[in-house]
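Residue-level listing of the chains:
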Amino acid sequence: LLSSPPAPPALLPYVPRVPPAALPGKLTATTFALERPCCVFDRHANASDAVWLVVAFANASDAFRNPPSRADVPLYERLPTARSYMTLEAAAAAYACSAPSPAVLRVGGDTACGDQGGWDPCNGPLPSPGPYRVKFLVMGCQGPKAETRWSDPILLRRAGSPSTIDPAPARRGGDVVVITSILASLGTVLAAAALGAVGTEAWRSLCRRDSGTGTFSRRSYRTHHIPPALPQPLPPGCRCSPPGLGCFAPRPPAPCPAE
Amino acid sequence: MAKSGDGIRILQGLLVFGNVVIGMCGIALTAECIFFVSDPHGLYPLLEATENDDIYAAAWIGIFVGFALFALSILGIVGVIKSNRTLLLVYIILMLTTYAFEMASCITAATQRDFLTPNLFLKQMLERYNKSDTDNNNDKWMAEGVTKTWDELMLQKHCCGVRGPSDWQEYTSAFRSRHKDADFPWPHNCCVMDAQGSPVNLDGCKLGVPGYYNSNGCYDAISGPMNTQAWGVAWFGFAILCWTFCVLLGTMFYWSRIEY
């Protein structure tokens, strides 16, 4: 039974892109965020269709061929060999105009999958910084029904090593120079003053102990005055006698010899 | 007396007043340095891990110098009032020693302020936060200190990284080697937490949606207290030293004029 070849999927003009808002987490080393396409698939998909996200390396996006059925969908585990995979399978109703939705989709945010090697589609972290290109693909029961255009290449972050960080300060602050110079000069003046005061004292005490060398002493030599001894008054009863001979008590005159 | 009685009295009065001020400033310096050493902001582990905690050494010296200044000021007052040469000589010598120590403390504290750059803390955070394969006990101790301090800092000051959460994205780190980038673009403590301590919206935090993560860097919360400490020790010590310089010169002049 020959069935007619499936119609090629309708090409929608929508271009997927990373949200322009300044979200620091929209591009990390293994994940990236995409704007959620709203009202894009309504005309081409009915409620039972699934919308997939195709992720391919930027240089492999041209070689990507839409899988003819759900069983042929390349999965996350085959990314290193097939250079592309499909993930984020969601019902078309999730992208409908009326659906309340978060504004971004996060690709690579599921770290729990991919280990068991199962057949379920996995939104695992991307293994390398890329660059990658993505597009949305609407898959019906008969195969792909509609697709969007490929996005611009998305390059993930590459982290540098912390050893490249130089912690040295840019330049010396003015504080240090002021404090150091002023304190050093004050300290020097104090030390000089202390040495001067102590030196002067040592000088003075050295001079006071010297006893005769007139050239160093500054004070005038005070003579000790030795008064000459005054003559002692003669004891009463002494006749004058030549000085130095002492004093003798006078004797009564001897009786005169008889005549 | 070599000078007139009035001149000596005025000089004595000035010296006593100068010593009273030195005593009070000494107590203030001790109190200030005890406050800094007690680490009210819990930032000491970060400084310890830089292996250059000279600011704390300067504060410790400040404690003892302040106390010494207080004791010496009392000695100085007694010596000046009694005009005792020996007491004043002891006072001058000990004051000069204390002066030298306080000089060292001031210059150290002033120099250390320049050392605390954002890059220093960034490198330390990236290399030590959540580090698991530590080389030795000392390394392990420092890594644990840094991790604990950063966790508390991010929770209490509502900040992330040194300049912002992108620090964790721009560089590889010990944290990155333990936690996958897809789950933890930055540590979960960077997320806005609810009353139970879990993130309000983890997906929003991972994407960086405003309101669900802390977008500020923590550098201001770290450098603010540290700079205040360094500034306080350095400039207050400098002011005390300038005043002490004048009092010491006056005392030396007074000492040289006392007759035996």
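Residues numbered from 1 in each chain as written. Chains lettered and ligands numbered in written order. Predicted model: local features only at pLDDT ≥ 70, side-chain atom pairs only at ≥ 80, totals over all residues. Heavy atoms only, no water.

**Remarks on the packing of aromatic side chains**
All names here are of chain B.
Now for step 1: Within the structure shown, the criterion is met by 15 aromatic pairs over all chains.
Now for step 2: Centre to centre, the rings of Phe17 and Trp243 are 6.1 Å apart; their planes meet at 80°, and the pair counts as edge-to-face. Of this pair, Phe17 sits in helix H1 (residues 5-37) while Trp243 sits in helix H10 (residues 219-257), placing them 226 residues apart in sequence.
Now for step 3: The exposure class of Phe17 is partly exposed, given its relative accessible area of 48%. (Phe/Tyr/Trp six-rings, centres within 6.5 Å; stacked < 30°, edge-to-face > 60°. Helix = DSSP H or I, 4+ residues; strand = E, 2+ residues; numbered from the N terminus. Buried < 20%, exposed > 50% of the residue type's maximum accessible area, 1.4 Å probe, protein only.)

**Regarding the environment of Tyr219(B)**
Now for step 1: Here Tyr219(B) shows up in helix H10.
Now for step 2: When sequence neighbours within four positions are dropped, the list of residues in contact with Tyr219(B) reads Leu116(B), Thr117(B), Pro118(B), Phe121(B), Val162(B) and Gly224(B). (Contact = heavy atoms within 4.5 Å.)

**Comments concerning the state of the cysteines**
Residues and elements named next belong to chain B.
Now for step 1: Per the stated rule, a full pass over the model turns up 3 disulfides over all chains.
Now for step 2: The disulfide that involves Cys160 links it to Cys190, with 1.9 Å between the sulfurs. On the S-S bond that ties Cys160 to Cys190, the torsion sits near 75°, and the link is right-handed. Note that Cys160 is positioned in the loop between helix H6 (137-157) and helix H7 (166-170) and Cys190 in the loop between helix H8 (174-178) and helix H9 (202-207), a separation of 30 residues in sequence. With respect to class, Cys160 is no different from Cys190; both count as buried.
Now for step 3: There is a disulfide in this structure between Cys191 and Cys205, and the S-S distance comes to 1.9 Å. Since a negative S-S torsion denotes a left-handed disulfide, the Cys191-Cys205 link at about -85° is left-handed. Residue Cys191 is found in the loop between H8 and H9, and its partner Cys205 is found in helix H9; the two are separated by 14 residues along the sequence.
Now for step 4: Assessed through its relative accessible area of 2%, Cys191 is described here as buried.
Now for step 5: The disulfide pattern of chain B is 1-6, 2-3, 4-5 when the bonded cysteines are numbered in sequence order. (Disulfide = S-S within 2.5 Å.)

**A few points about the packing of helix H4 (residues 85-115) of chain B against H10(B)**
Residues and elements named next belong to chain B.
Now for step 1: For the pair H4 and H10, interaxial distance at closest approach is 8 Å and the crossing angle is 155°. Comparing the axis directions of H4 and H10 gives the class roughly antiparallel. Considering the relative orientation of H4 and H10, their crossing is left-handed.
Now for step 2: Looking at the contact of H4 with H10 residue by residue, the class counts come to 23 nonpolar, 6 polar and 3 charged. (Axes fitted to C-alpha atoms, helices over the stretch in contact; angles between N-to-C directions. Parallel < 35°, antiparallel > 145°, perpendicular 65-115°, else oblique. Left-handed = near helix turned anticlockwise from the far one by under 90°. Nonpolar A, V, L, I, M, F, W, Y, C, P; charged D, E, K, R; others polar.)

**Some remarks on the domain arrangement of chain B**
Much of the literature gives interface size as the accessible area that the parts lose upon coming together.
Residues and elements named next belong to chain B.
Now for step 1: Assigned domains within chain B: domain 1 (1-116 + 226-257) and domain 2 (118-131 + 140-217).
Now for step 2: The gap between the C-alpha centroids of domain 1 and domain 2 is 42 Å.
Now for step 3: Tallying the contact residues gives 11 residues for domain 1 and 12 residues for domain 2.
Now for step 4: With both chains or domains summed, domain 1 and domain 2 bury close to 1,000 Å², and 69% of this area falls on carbon and sulfur atoms.
Now for step 5: Of all residues in domain 1, Leu46, Ala49 and Leu116 bury the most surface against domain 2, accounting for 47% of the area lost on that side.
Now for step 6: Inspection of the region where domain 1 meets domain 2 yields 0 salt bridges.
Now for step 7: Broken down by element, the side of domain 1 that touches domain 2 gets its largest block of residues, 4 residues, from helix H2 (residues 44-49).
Now for step 8: Of the residues that constitute the side of domain 1 that touches domain 2, the class distribution is 7 nonpolar, 2 polar and 2 charged. (Domains from an automatic or database assignment. Buried area = accessible area lost by both parts, 1.4 Å probe. Salt bridge = Lys/Arg side-chain N within 4 Å of Asp/Glu carboxyl O.)

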